Amino acid sequence: MAQIIDGKKIAAEIRAELAKEIEELKKEGLHPGLAVILVGDDPASRVYVNNKKKACAEIGIYSREYALPKETTQEELLNLIGELNQDPQIHGILVQLPLPDHLDERQVLEAISPDKDVDGFHPVNVGRLATGQPCLKPCTPAGIIELIDRTGIELKGKEAVVVGRSNIVGKPVAFLLLARHATVTICHSRTARLDEVCRRADVLVAAVGRPEMVTGDWVKPGAVVIDVGINRVEKGLVGDVEFDTAKEKAGYITPVPGGVGPMTIAMLMKNTVEAARSLANR
Ligand code: NDP
C-alpha cells in the first residue's frame, strides 16, 4: 500500500518558508511584486486569478490585477506588458491563459521579459531549461520535482516515464527529471504499448487529461506515481491515474485533489520571489 504524498501539506510548508523569506527581503527594501493579467470573463480563469491573488496576500507578495475586457486588442495587451516589463514594483508578470481567440497567445507570452516570466513559458526560459542553465521554471513541473525532493526520493539513476508531451507539463518535467539524472522516456498519444512502457517506470508521471487512464496494472510495484491530471467527472474530481488500484502497487502516490494541484501556486510564489531577488542583484 502506497505512502500518500501530501501536496497540500508540502505546499503550505513552502508558503510558510516564503512568508519568512519575504519578511526578510522587505527589511532589505525589496518587496516582491506580481502582476496578473486576465482578459475576458472566463469563470474558471477568474477562480485561478483570485486564488493567485489570495496566495500573494497570505505570504506578503505585492500583487496587482489587470482585469481587461474581452475586446482588448493585441496592441493594448502588448503595451501593458511593455509597461510592466519596465515597472520596478513588478518582478513577475502572469497572463492567465487561455486568451480570447482573437489574441495571439505566443506573441503575448514572448513579449514578457524572460526575467519576469514567472510561468516559465518564454522561449528563452524554455531554452535555458533545455540546456541546463538557471532559469524560471514552469510552476507545475517545478512543483512535481519539489514534491519528490521533499518526500526524500532519490531520482538519480531511476527510470522515469512521463505520459504527456505538452509544453506546460510533459516536456518541462521530462527536462527537470533528466537534469536530476533520471533516465527519461516521454510518451504521448501515439506511443505503442504504453502500458508496457509505464510498467518500467520507477517514477511515473501522468499528465494526459484522461480520467483514470493509468490503472494499477500499469504500475511497477513500489513505483513513485505522480498524477498531474485534473478531470471533472460525475463522481467529482479525478486524476489521470486510477487511484484505488494504483495505490495498491505504488510505493508513493499523489492524490487528486491535494497532490500536484496545490504545488502549482506555491511554485508561482517561489518564482516571484526568485525573480525579485535576481532582478535586485542586477
Ligand atoms: P495537454 O492536453 O496539453 O496534453 C496532453 C498530453 O497527453 C499530450 O501530449 C497527448 O499526446 C497525451 N495524450 C492524450 N491522450 C493520450 C493517450 N490516450 N495515451 C497517451 N498519451 C495521451 O494537457 P496538459 O499537459 O496541459 O495537462 C495534462 C493534465 O494535467 C490535464 O488533466 C490538466 O488539467 C492537468 N494539469 C494540471 C495542473 C495542475 O496544476 N495540477 C496544471 C496543468 C495541467 P499528443 O501530444 O500525442 O496529443
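Below you will find a few notes about this structure.

Rules behind the numbers
- Residues numbered from 1 in each chain as written.
- Predicted model: local features only at pLDDT ≥ 70, side-chain atom pairs only at ≥ 80, totals over all residues.
- Heavy atoms only, no water.
- Helix = DSSP H or I, 4+ residues; strand = E, 2+ residues; numbered from the N terminus.
- Expected span 1.5 Å × (residues − 1).
- Buried < 20%, exposed > 50% of the residue type's maximum accessible area, 1.4 Å probe, protein only.
- Arc of directions from axis to C-beta.
- Contact = heavy atoms within 4.5 Å.
- Polar contact = N/O pair within 3.5 Å; in protein donor to acceptor, adjacent residues only side chain to side chain.
- Near = heavy atom within 4 Å.
- Areas by Shrake-Rupley, 256 points an atom, 1.4 Å probe, with all protein chains shown as cover.
- Axes fitted to C-alpha atoms, helices over the stretch in contact; angles between N-to-C directions.
- Parallel < 35°, antiparallel > 145°, perpendicular 65-115°, else oblique.
- Nonpolar A, V, L, I, M, F, W, Y, C, P; charged D, E, K, R; others polar.
- Core = buried A, V, L, I, M, F, W, Y, C linked by side-chain atoms within 4.5 Å.
- Pairing = 2+ DSSP bridges.
- Right-handed = clockwise from strand over helix to strand, strands pointing away.

Structural notes on helix α1 (residues 7-27)
- A rise of 1.5 Å per residue sets the reference length of α1, with its 21 residues, at 30 Å; its end C-alpha atoms lie 30 Å apart and thus fit the reference within 8%.
- Of all the positions in α1, only G7, I10, A11, I14, L18, I22 and L25 are classed as buried. For α1, the arc enclosing every buried residue in end-on projection is 110°, short of the 170-degree limit, so these residues lie on one face. Facing away from the buried surface of α1 by more than 90 degrees, the exposed residues are K9, K20, E23 and K27.
- On the buried face of α1, the contacting elements are α2 (43-59), α6 (139-150) and α10 (261-280).
- Backbone nitrogen of K8 and a side-chain oxygen of the N-cap are separated by 3.2 Å at the start of α1; the cap is D6.

Re the site of the ligand
- Surrounding the ligand, one finds 23 residues, the nearest of these being R165, S166, S189, R210 and T264.
- Within the side chain of S166, one N or O atom sits 2.5 Å away from an oxygen atom of the ligand.
- Here an oxygen atom of the ligand sits 2.8 Å away from a polar atom, N or O, in the side chain of T264.
- Within the complex, 71% of the 930 Å² of free accessible area of the ligand lies under protein.

Quick word on the packing of α1 against α6
- Their axes nearest at 11 Å, the elements α1 and α6 cross at an angle of 100°. Viewed along their axes, α1 and α6 adopt a mutual orientation that is roughly perpendicular. Across the interface between the two elements, G7, I10, E13, I14 and E17 of α1 pack against E146, L147 and R150 of α6.
- A class-by-class count of the residues in the contact of α1 with α6 yields three nonpolar, one polar and four charged.

Describing the nonpolar core
- Among the nonpolar cores identified, the biggest contains 52 residues, and L34, I144, L177, V205, I226 and M269 are the most heavily contacted of them.
- The greatest single-element share of this core, amounting to eight residues, is contributed by α10.
- Contacts of L177, omitting those with residues within four sequence positions, involve I145, L155, A160, V162, A182, V184 and V205.

Structural notes on the pairing of strand β5 (residues 159-163)
- When you tally the buried positions in β5, you get four out of five residues, the bulk of the element.
- In terms of strand pairing, β5 meets strand β6 (residues 183-187) through five bridges, oriented parallel. Residue pairing in the sheet places E159 in a bridge with T183 of β6.
- Handedness of the crossover joining β5 and β6 through helix α7 (residues 170-179) is recorded here as right-handed.
- Inspection of the sheet shows β5 paired to strand β7 (residues 203-206) by four bridges, in the parallel sense. Looking at the pairing, V163 lines up with A206 of β7.

Considering the sheet that holds strand β2 (residues 33-39)
- Strand order in the open sheet formed by three strands is β3-β2-β4, and the pairing between neighbours is parallel. Both outer strands of the open sheet, β3 (62-68) and β4 (92-95), are each paired with one neighbouring strand and no more. Here the strands of the sheet are splayed against their neighbours by 15° on average, with no regard to which way each runs.
- Examined bridge by bridge, β2 and β3 share seven bridges and lie parallel to one another. Of the residues in β3, the one forming a bridge with L38 is A67.
- Helix-sheet contacts for α2 involve β2, β3 and β4, and the interaxial angle to β3 is about 160°.
- Most of the contacts of helix α3 (residues 74-86) go to β2, to which it runs at about 180°, and overall it touches β2, β3 and β4.

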